[in-house]
Protein chains: 2
Amino acid sequence: MDRFLAAKNANPAARSLYTHQDRASKTVSVSADITPDFSKGLIPTIVQDDATGEVLMLAFMNEEAFRKTLETGEAHYWSRSRNEIWHKGETSGHVQKIRALRIDCDSDALLLLVAQAGGAACHTGRRSCFYRELRDGEVRRCSPKIFDPKQIYRISS
Amino acid sequence: MDRFLAAKNANPAARSLYTHQDRASKTVSVSADITPDFSKGLIPTIVQDDATGEVLMLAFMNEEAFRKTLETGEAHYWSRSRNEIWHKGETSGHVQKIRALRIDCDSDALLLLVAQAGGAACHTGRRSCFYRELRDGEVRRCSPKIFDPKQIYRISS
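For chain A, the name recorded in an unreviewed UniProt entry is Phosphoribosyl-AMP cyclohydrolase, with Candidatus Desulfovibrio kirbyi as its organism. Listed in UniProt under the heading Function (unreviewed entry), the comment for chain A reads: "Catalyzes the hydrolysis of the adenine ring of phosphoribosyl-AMP." Of chain A, the UniProt comment under Subunit (unreviewed entry) reads exactly: "Homodimer."

A. Fine view of the interface of chain A and chain B. The partner chain B presents 50 residues to the 50 residues of chain A that form the contact. Summing both partners gives a buried area of about 4100 Å² for chain A against chain B, and 56% of it is carried by carbon and sulfur. The largest share of the area that chain A buries against chain B comes from F130, R132 and L134 of chain A, three residues that together contribute 19% of it. For the pair chain A and chain B, the interface holds nine salt bridges. Taking the shortest distance from any N to any O, the salt bridge between R102 of chain A and E133 of chain B comes out at 2.7 Å. At the boundary of chain A and chain B, one finds 20 residue pairs in polar contact (both at pLDDT 80 or more). Of all the secondary-structure elements, those providing two or more residues to the side of chain A that touches chain B are α1 (3-10), β1 (43-49), β2 (55-61), β5 (96-103), β6 (110-116), β7 (132-135) and β8 (138-141) of chain A. When grouped by side-chain class, the residues that make up the side of chain A that touches chain B number 27 nonpolar, eight polar and 15 charged.

B. Structural context of the sheet that holds strand β2 (residues 55-61) of chain B. In spatial order, the strands read β8(A)-β7(A)-β5(B)-β6(B)-β1(B)-β2(B); together these six strands make up an open sheet with mixed pairing. Looking at strand neighbours, the two that pair on one side only are β8 of chain A together with β2 of chain B, the edges of this open sheet. Ignoring which end each strand starts from, the neighbouring axes of this sheet average 30 degrees apart. Direction of pairing for strand β1 (residues 43-49) of chain B relative to strand β6 (residues 110-116) of chain B: parallel, over a ladder of five bridges. Of the residues in β6 of chain B, the one forming a bridge with V47 of chain B is L112 of chain B.

C. Quick peek at the environment of L110 of chain B. Structurally, the position occupied by L110 of chain B is in strand β6. Counting along the chain gives 22 residues from L110 of chain B to K88 of chain B, while the straight-line C-alpha distance between them is 16 Å. If we skip the residues at most four places from it in the chain, L110 of chain B touches F130 of chain A together with P36, I43, P44, T45, I46, M61, F66, L101, R102 and I103 of chain B.

D. Local environment of the environment of K88 of chain A. Residues and elements named next belong to chain A. Mapped onto the fold, K88 is located in the loop between β4 (84-87) and β5. For the pair K88 and I43, spaced 45 residues apart in sequence, the C-alpha to C-alpha distance is 16 Å. When near neighbours in sequence (up to four residues on either side) are disregarded, K88 contacts M57, A75, Y77, H94, V95, Q96, Q116 and A121.

E. Summary view of the packing of aromatic side chains. Scanning the model with the defined rule gives four aromatic pairs over all chains in all. The residue whose ring lies beneath R126 of chain A is Y131 of chain A, and the NZ or CZ to ring-centre distance is 4.9 Å.

F. Structural detail: the UniProt feature "binding site: Mg(2+)" (unreviewed entry) in chain A. UniProt marks D104, D106 and D108 of chain A with the feature "binding site: Mg(2+)" (unreviewed entry), using the numbering shown here. Within the fold, D104 of chain A resides in the loop between β5 and β6. The class for D104 of chain A is buried, based on a relative accessible area of 3%. Those residues within four positions of D104 of chain A in sequence are excluded, and the remaining contacts are A109 of chain A together with C129, F130 and R132 of chain B. Assignment of secondary structure puts D106 of chain A in the loop between β5 and β6. If sequence neighbours within four positions are ignored, D106 of chain A has contacts with K40 of chain A together with H123 of chain B.

Reading the values: rules and limits
- Residues numbered from 1 in each chain as written.
- Chains lettered and ligands numbered in written order.
- Predicted model: local features only at pLDDT ≥ 70, side-chain atom pairs only at ≥ 80, totals over all residues.
- Heavy atoms only, no water.
- UniProt positions renumbered as here; feature names shortened; annotations may be inferred.
- Contact = heavy atoms within 4.5 Å.
- Buried area = accessible area lost by both parts, 1.4 Å probe.
- Salt bridge = Lys/Arg side-chain N within 4 Å of Asp/Glu carboxyl O.
- Polar contact = N/O pair within 3.5 Å; in protein donor to acceptor, adjacent residues only side chain to side chain.
- Helix = DSSP H or I, 4+ residues; strand = E, 2+ residues; numbered from the N terminus.
- Nonpolar A, V, L, I, M, F, W, Y, C, P; charged D, E, K, R; others polar.
- Pairing = 2+ DSSP bridges.
- Axes fitted to C-alpha atoms, helices over the stretch in contact; angles between N-to-C directions.
- Phe/Tyr/Trp six-rings, centres within 6.5 Å; stacked < 30°, edge-to-face > 60°.
- Lys NZ or Arg CZ within 6 Å of the ring centre and 35° of its normal.
- Buried < 20%, exposed > 50% of the residue type's maximum accessible area, 1.4 Å probe, protein only.

Right, here's the structure in full:
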């Protein structure tokens, strides 16, 4: 069991951080200190590798995605292209285990610190979605290819 | 002169990366490889300390903000609350010097790697806007207070 969930289950005092009301109300009653303000719309969510600090991707959460993330300890997002909840890694197996969660001063952005299964977050097979970098006047690839997407997603070439 | 601008000015081959058309057309003709797709709306922009890897804040860019950022080497955003271009640090002096710029696989999110003047990005005086963290079942402050906002913004108490 990962540390994020272990702490949730082991520490009765901390359990209230994760307690939520029934699913019908969709109200997550985690500590107000780390509850996003969903009245502003979807919450942009930065995903950072907890071990290396590399920023892996950016996605969006609605309240259901936030609740599922806390419940399961694995990152869930709202897919704007498919208009549905997206359990990251459901197809590829490359789930993101939550190590920590941060919220910004305005409570309208989140930062997940994760352990990335498979070592790559990007559907292109690269470790980070942010693999194109402009630095010192030159554009370069700054994040290595970890897997072949054709293998992982079984796309016929 | 910082390295980002130095490279722009010193290297004629690199200059084309920053060349843009006249302001009326508002078309930034930087390398297509690092040009955001503004047709999708505002571009969420992650800001990370280039030296430490700490994620400092999240803001949004429109095309004008992106162009001004490339022109000046300092971060400009679109303020959604004030509906205007926001030159970060204009009031506080805490500008963000761009060291590198990354773009994600879908070209709809940016990552700036910056040197943060004054050592703090957050208007609360903390180094990072993401100063509240849930880890191991406990909420804590994870980014130190660097300045007193009352001093910097001359807010009467």
